[in-house]
Amino acid sequence: MGVLQDISVQLEPLAQRFFQLGTASQVGVVFASAVGLIILLNVVQQIFFKNPNEPPVVFHLVPWFGSTVTYGIDPPKFLKANRAKYGDVFTFVLLGKKTTVMVGPQGNDFILNGKLKDVSAEDIYTPLTTPVFGKDVVYDCPNSKLMEQKKFMKIALTTEAFRSYVPIIADEVTTYFKKNPDFKGRSGIVDIPKKMAQLTIFTASHTLQGKEIRDQIDETLADLYHDLDMGFSPINFVLHWAPLPWNNRRDHAQRTVAKIYMDTMKSRRQRGDDGAQDMMRHLMNSTYKDGTPVPDHEVAHMLIALLMAGQHSSSSTSSWIMLRLAQHPEIMEELYQEQVKALGADLPPLTYEDLAKLPLHANIIKETLRLHAPIHSVMRKVKSPMPVPGSNWVIPDTHTLLAAPVVSATDPAYFPNPDTWDPHRWEAGNPNAPTSIVRSEEDEEKFDYGYGLVSKGAASPYLPFGAGRHRCIGEQFANVQLQTIVAMIVRMFKFSNPDGSRNIVGTDYQSLFSRPLEPANIRWERRENA
Ligand code: HEM
């Protein structure tokens, strides 16, 4: 009955349109009839010829487009609504691709820990990422090579490196707010995501790529990265090859940025080792298992990939943190008091060791990622038919798989009052504390996919950094970067919503990474001593 109602509601406007065509040309009538027939056949097929060996398909009228629009407007809402209708496993049509969703911890495990022979990330992502990052890295190489590249990246992110990064990040934050004209005076209102995007690229480029590259961000590199970014528009899943203006700018920017990195490497080699703890230096000195040193163009392309991977996720997360603090000024004050208590009233220069003394700062990030994980959908191409445990279904190799840890992270079965942003829920004994199934990383089974031991346990409802062979290697860096930025901002400012309310802006799902809808204004007020 529900399906029939769906059909009649959706067909009504089409039927009205069709009959209005009485005055239109013959060609128009034939065309409309053909479209009507295609839709009818699609509907009949869904109702009368369901495949009992495959998961249910989300009802849709138009073939190829399927549910693209409803999914695209608000993916978590679409996934939750259809989970309620069809269960934890269902298929929908996304830009012509049958996409099978598996939500919940078991689904996360099935997809993210899928075997290499069964699932592929590169088949999905390479059209989008290779023109942006460049050849021979990440998804433009065999998975075994990516695992080695991830090992090089991960090894560079040592405690020693983090120790050197905290003062660099703290200094970037202080300088930024001193110089930025929007923070002149004692108080004001700003659109915060733009500021966070700048702070993220300044701090990431300075720490990961060195001062020389950081200094060029203000001049040429910011614009070039913006052009690279345009290559990540979802439309490029289909049109990545097209000679469109934004793709031409993307290709030019990729060549130019790679050349800047390669020239920098050359001049660094001529000058000799300066002992800096940055990623460029480390990758330049890395060698593949077969004895081949990593070529300069691959170092350059990995540096682009790292900056791009970190930029969107960290800048979206820091923007959400600032918006949540503006919504909860009392928590911002708690953060300030946490620093005073743990570090002393004079708030000495922040160090890496200090971060471990600030648990509420860490929980702010954890809770923000629970509600606002920037990567809402993680996709894999099915390579060989995959039986779904506990069912008669087999997912054919024509399908794409979609995991959405964001759905389980807001499931009341695991998180009491799931929609409430409550950083204290991560403290033991809190009434909103997650259920026991949300285990800590330390309790999880570990596995080495080729880039060091990582927790295998994708069967968790909380996975903002993914799991399995494609798990994030930037988690610790992101935490150091975000905690330092938050700690320094808390020392300088008090935030609130401009209208004094407890509201929060909606989410923008237009680009590949979700982020706050803009304008997302906050009111800032400088602390007395700042
Ligand atoms: C809050 C910040 C971040 C979040 C939420 C995040 C999230 C994720 C997620 C969910 C994945 C898995 C994607 C998949 O399975 O398809 C991933 C992979 C990855 N991330 Fe992050 N990330 C963050 C920051 C960073 C940073 C700062 C870097 C670099 C320094 C980074 C580098 C990577 C890399 C290299 C991968 C591996 C991709 C692969 O193996 O296919 N990420 N990240």
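Up top is the structure these notes are about.
Cut-off values and rules
- Residues numbered from 1 in each chain as written.
- Predicted model: local features only at pLDDT ≥ 70, side-chain atom pairs only at ≥ 80, totals over all residues.
- Heavy atoms only, no water.
- Helix = DSSP H or I, 4+ residues; strand = E, 2+ residues; numbered from the N terminus.
- Rg over C-alpha atoms; globule rule 2.2 N^0.38 Å.
- Buried < 20%, exposed > 50% of the residue type's maximum accessible area, 1.4 Å probe, protein only.
- Contact = heavy atoms within 4.5 Å.
- Areas by Shrake-Rupley, 256 points an atom, 1.4 Å probe, with all protein chains shown as cover.
- Lys, Arg positive; Asp, Glu negative; His and termini not counted.
- Charge placed at Lys NZ, Arg CZ, Asp CG, Glu CD.
- Near = heavy atom within 4 Å.
- Polar contact = N/O pair within 3.5 Å; in protein donor to acceptor, adjacent residues only side chain to side chain.
- Nonpolar A, V, L, I, M, F, W, Y, C, P; charged D, E, K, R; others polar.
- Core = buried A, V, L, I, M, F, W, Y, C linked by side-chain atoms within 4.5 Å.
- Axes fitted to C-alpha atoms, helices over the stretch in contact; angles between N-to-C directions.
- Parallel < 35°, antiparallel > 145°, perpendicular 65-115°, else oblique.

### Section: the overall build of the protein chain
Counting secondary structure elements, the protein chain contains 19 helices and 14 strands. For 530 residues, the compact-globule formula gives about 24 Å, and the C-alpha radius of gyration of the protein chain, at 25 Å, lands near that figure. Counting the 530 residues in the protein chain, one finds 51% classified as buried. Looking at the protein chain alone, contacts between residues at least 24 apart form 70% of all its contacts between residues at least 6 apart. Of the roughly 24300 Å² that the protein chain leaves accessible, carbon and sulfur atoms contribute 59%. Computing the positive centroid from 55 side-chain charges and the negative centroid from 57, the protein chain places the two 2 Å apart.

### Description of the site of the ligand
Surrounding the ligand, one finds 26 residues, the nearest of these being Tyr139, Lys150, Arg380, His470 and Cys472. Here an oxygen atom of the ligand and a side-chain polar atom of Lys150 are 2.8 Å apart. The separation between an oxygen atom of the ligand and a polar side-chain atom of His470 is 2.6 Å. Looking at the shell around the ligand residue by residue, the class counts come to 16 nonpolar, seven polar and three charged.

### Comments concerning the nonpolar core
In terms of nonpolar packing, the biggest core is built from 138 residues, with Tyr225, Tyr261 and Ile489 touching the most fellow members. Excluding anything up to four places from it in sequence, Ile489 contacts Val173, Phe177, Met196, Leu199, Met322, Met332 and Phe495.

### Some words on the packing of helix H14 (residues 296–327) against helix H15 (residues 329–343)
Two elements in contact, H14 and H15, have axes separated by 5 Å at closest approach and are oriented at 105°. By the angle between their axes, H14 is roughly perpendicular relative to H15. For the pair H14 and H15, the contacting residues are Leu325, Ala326 and Gln327 in the first and Pro329, Ile331, Met332 and Leu335 in the second. Its residues placed into classes, the contact of H14 with H15 shows six nonpolar, one polar and no charged.

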